[in-house]
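Structural overview for review
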Amino acid sequence: MKKITNKLLIFISVFFSIVLLSGCSSQMAKYNPKESVGKQINYTITGIEAGAGEMATTQKAMKAYGLDKGNWQLQTSSTAAMLSTLGKSIRYKQPIVITGWTPHWMFTKYKLKFLKDPKNIYGKTEDINTIVRKGLKKDKPEAYELLNRFHWRPEQMSSVMLKVNHGESPRKAAGDWIKQNQAQVNSWTKGIKHVHGQKLKLTYVAWDSEIASTNVVANALRSIGYKVTIQAMELQPMWTSIATKAADGTVSAWLPNTQGLYYNDFKGRFDDLGENLHGAKVGLAVPTYMKNVNSISDLK
Ligand code: PBE
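As recorded by an unreviewed UniProt entry, the protein carries the name Glycine betaine-binding protein and is attributed to Lentilactobacillus hilgardii. One UniProt comment on the protein, placed under Subcellular location (unreviewed entry), says "Cell membrane".

Examining the packing of aromatic side chains
Within this structure, the stated rule accounts for 10 aromatic pairs. Look at F150 and W188: their rings are 5.0 Å apart centre to centre, the planes differ by 90°, and that puts the pair in the edge-to-face class. Within this pair, whereas F150 is found in the loop between α7 (141-149) and α8 (154-165), its partner W188 is found in helix α10 (residues 182-189), the two being separated by 38 residues in sequence. There is no split in this pair, since F150 and W188 are both buried. Considering the side-chain rings of W239 and Y263, the 6.2 Å spacing of their centres and the 80° angle between planes classify their relative orientation as edge-to-face. Of this pair, W239 sits in helix α12 (residues 235-243) while Y263 sits in helix α13 (residues 260-265), and the two are 24 residues apart along the sequence. The pair formed by W239 and Y263 is uniform in burial state, with each residue classed as buried. Aromatic ring contacts, followed pair by pair, group F150, W152, W177 and W188 into a single cluster.

So, the nonpolar core
Within soluble globular proteins, side chains that are nonpolar generally end up buried alongside one another. Core analysis: the largest hydrophobic core is formed by 90 residues, its most contacted members being W152, V216, L221, W239 and L299. With sequence-adjacent residues up to four places away left out, L299 is seen in contact with V37, L67, W72, V97, L115, L284 and V293.

Focus: the side chain of T189
With respect to the secondary-structure elements, T189 resides in helix α10. The exposure class of T189 is buried, given its relative accessible area of 14%. Apart from the residues within four sequence positions on either side, T189 is in contact with L146, R149, A220, S223 and I224.

Overview of the pattern of salt bridges
Taken as a whole, this structure holds nine salt bridges when the rule is applied. Here E142 makes a salt bridge to K193, at a shortest N to O gap of 3.0 Å. Placement of E142 in helix α7 and of K193 in the loop between α10 and β6 (199-204) is noted, with a sequence separation of 51 residues between them. Using a relative accessible area of 11% as the deciding quantity, one classes E142 as buried. What emerges from the salt-bridge pattern is a single network uniting R133, D139, K140 and D248.

Here's the deal with the packing of helix α9 (residues 170-180) against α10
Between α9 and α10, whose axes approach to 5 Å, the crossing angle comes to 95°. Classified by the angle between their axes, α9 and α10 sit roughly perpendicular to one another. Across the interface between the two elements, W177, I178, K179 and Q180 from α9 touch Q182, Q184, V185 and W188 from α10.

Some details on empty space enclosed by the protein
If a probe as big as a water molecule is rolled over the atoms, it shows which places are left empty. As enumerated under the stated definition, the model contains one cavity of 30 Å³ or more in all. At the level of secondary structure, the elements contributing two or more residues to the lining of the largest cavity comprise α3 (53-64) and α11 (208-223). Split by domain, the residues of the lining of the largest cavity number at least three in each of domain 1 (37-124 + 283-299) and domain 2 (126-278).

What to know about the domain arrangement of the protein
Taken as a whole, the protein is organised into domain 1 (37-124 + 283-299) and domain 2 (126-278). Each of domain 1 and domain 2 was reduced to a C-alpha centroid, and the two centroids are 28 Å apart. With 18 residues of domain 1 at the interface, the matching set in domain 2 holds 17 residues. In total, domain 1 and domain 2 occlude about 1300 Å² of area from one another, counting both sides; carbon and sulfur atoms represent 62% of this. Counting the surface domain 1 buries against domain 2, the share from its top three residues, G51, P103 and W105, is 41%. Joining domain 1 to domain 2, the criterion identifies zero salt bridges. Our enumeration of links across domain 1 and domain 2 arrives at five residue pairs in polar contact (both at pLDDT 80 or more).

Conventions and cut-offs
Residues numbered from 1 in each chain as written. Predicted model: local features only at pLDDT ≥ 70, side-chain atom pairs only at ≥ 80, totals over all residues. Heavy atoms only, no water. UniProt positions renumbered as here; feature names shortened; annotations may be inferred. Phe/Tyr/Trp six-rings, centres within 6.5 Å; stacked < 30°, edge-to-face > 60°. Helix = DSSP H or I, 4+ residues; strand = E, 2+ residues; numbered from the N terminus. Buried < 20%, exposed > 50% of the residue type's maximum accessible area, 1.4 Å probe, protein only. Core = buried A, V, L, I, M, F, W, Y, C linked by side-chain atoms within 4.5 Å. Contact = heavy atoms within 4.5 Å. Salt bridge = Lys/Arg side-chain N within 4 Å of Asp/Glu carboxyl O. Axes fitted to C-alpha atoms, helices over the stretch in contact; angles between N-to-C directions. Parallel < 35°, antiparallel > 145°, perpendicular 65-115°, else oblique. 1 Å grid on protein atoms, 1.4 Å probe; cavity = no way out; pocket = protein on both sides within 12 Å on 5 of 7 lines; lining within 4 Å. Points joined across faces, edges and corners; volume = space filled by probe spheres on them. Domains from an automatic or database assignment. Buried area = accessible area lost by both parts, 1.4 Å probe. Polar contact = N/O pair within 3.5 Å; in protein donor to acceptor, adjacent residues only side chain to side chain.

Next up, the structure:
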């Protein structure tokens, strides 16, 4: 008897979940070019982690374009949640505005467009810089030199990211990329003395772009004898780890706009080795089927 009641209960709850869930998804309508976009998405921008540089820039943009005075809000969540919501919206051709960036596979997998930013709040292009702790040059000149030379292009970063997105381990994807780009990697390591198992710690945030770059540079450092650990954390602790010398360096600093706040806060407490990648971009983005939304000003 008890068994039967249990089964019945499970059946009833599954049945109602299905009814409720399908009810929800049919409630969210397709993008309607004739109606105000704000109304259609409940005046909500789908954001990412609270501490991300892009979230701060987006708050600034909302002020600059007067969206804060309307009822617009920036929803904090996580990159994974944002990407999953984006995927669902695109499947049903529903409207959505996200905090987007490239290099990232979201722009390869989906047809997205950045909204024009006539007030130039997000900046035209971003660089990703290498930042190291004070004193690294003196203590570990070999690591400093390699980190200083590390440089690659957006499409190279994308190729590693794509492999990881397809399920390869980051360390293997980075190793394979190095094998296929040996000449470039040699130019980072050439003439640097081998160190025999010295320890080195890099910090990063677990965004796909940073997973790719950190693993590539860590493998290159291993090839000259470093025992490298890489540690993922949130953005604020990442900058703090360099400033307090708890970590040796990071290759994850999106500048001058995106993480400009952190850069200024910690100024004088790190060495900036300049860009390791040029031509990144950050901004609000929408699926291309949102025909009448082309500029941030169109959200008003
Ligand atoms: N991002 C991706 C990061 C840097 C890499 C744009 C989300 C940010 O700080 O906002």
